[in-house]
Amino acid sequence: MEETMINENFINDNQLKAYLRILGVLSIILFAIIPFQAAVYFISPPPTTAIQYFTLFQKNLFLGFLDLDLSLTVDNLLFILIYIGLYLLLEKTNRILVTIGLVFAIVSVTLYVISREALFSMLTLSNQYSVATHEIERASIATIGQTMLTIFNGTCFNVSYFLGGINMILFSIAMLKSDIFTKVTGWMGLLMGILMLVPPTAGKLGIILSFLSIIPLMPWLIIIAIRFFKLGKQNR
């Protein structure tokens, strides 16, 4: 498809060019992480109780971390770097939109990381549970673990997910108003952001919409990866 965007040589900052090339690589990494985590979800559905997690950690440490969203935590942290790059590219023409979008993105990821307190805490609790000798002690540890799981998909996670959809919408609108990215890129991001307004904790509808949001996300990552590489190439 023929591009109607501005020439890549409009960027004269070599540091920014280097950063954009790094973002191209990160976009490809994100492209690989997301279907991997989805596959883990289907092949090994996460446990539903603290004791089941304790058992899983004792049997398979890595799978325990994956079922507590280790890869998605990394994914969210990497996405901040992507949004910073988009901000640097779009702030001259859509400063208000992308500034609000970047703030929402940072708050969203911060809340997400907070909600994933169980990621390493459950391992500690699992080890304590495995060596506990009294039923009262084991019951107390199990109660703490169950509280961790409640927080896992609680308020912080839901607000994080919603803000993630809002920031994607804002950045996508900025893309549509810019000539740096194609309209297809903007519309894909907009669709993804709308689908992310309902968190996966909202019953079957939320789960369906969360998986549907992956459909535009995958080509979106490849498209922006290619664009980052083009914008970041050295002038000859």
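The notes below deal with the structure included here. (Residues numbered from 1 in each chain as written. Predicted model: local features only at pLDDT ≥ 70, side-chain atom pairs only at ≥ 80, totals over all residues. Heavy atoms only, no water.)

We now examine the overall build of the chain. Per the secondary structure count, the chain includes eleven helices and zero strands. Put simply, the chain runs from its N terminus to its C terminus through helices and strands in the order α-α-α-α-α-α-α-α-α-α-α. When its C-alpha atoms are laid out on the principal axes, the chain stretches across 70 × 35 × 30 Å. Across the chain, the fraction of contacts at a sequence separation of at least 24, relative to all contacts at a separation of at least 6, is 80%. Element-wise, carbon and sulfur atoms account for 70% of the exposed surface of the chain, whose accessible area totals about 12000 Å². Computed over 14 positive and 12 negative side-chain charges, the separation of the two mean positions in the chain equals 8 Å. (Helix = DSSP H or I, 4+ residues; strand = E, 2+ residues; numbered from the N terminus. Contact = heavy atoms within 4.5 Å. Areas by Shrake-Rupley, 256 points an atom, 1.4 Å probe, with all protein chains shown as cover. Lys, Arg positive; Asp, Glu negative; His and termini not counted. Charge placed at Lys NZ, Arg CZ, Asp CG, Glu CD.)

On inspection of all chains with the given rule, the structure shows eleven aromatic pairs. Aromatic side chains Phe79 and Trp220 sit 6.5 Å apart centroid to centroid with 20 degrees between the ring planes, which places their arrangement in the stacked category. Residue Phe79 is found in helix α4 (residues 70-90), and its partner Trp220 is found in helix α11 (residues 214-232); the two are separated by 141 residues along the sequence. Each member of the pair, Phe79 as well as Trp220, carries the same accessibility label: buried. Seen in terms of ring centroids, Phe157 and Tyr161 are 6.0 Å apart; in terms of plane orientation they differ by 45 degrees. Their pairing is tilted. Separated by four residues within a single helix, Phe157 and Tyr161 lie in helix α8 (residues 155-176), roughly one turn from each other. When sorted by exposure, Phe157 lands in the same class as Tyr161, which is buried. An aromatic cluster of three or more residues is present, and its members are Phe79, Tyr83, Phe171 and Trp220. Between the NZ or CZ atom of Arg116 and the centre of the ring of Phe152, over which it lies, the distance is 3.6 Å. (Phe/Tyr/Trp six-rings, centres within 6.5 Å; stacked < 30°, edge-to-face > 60°. Buried < 20%, exposed > 50% of the residue type's maximum accessible area, 1.4 Å probe, protein only. Lys NZ or Arg CZ within 6 Å of the ring centre and 35° of its normal.)

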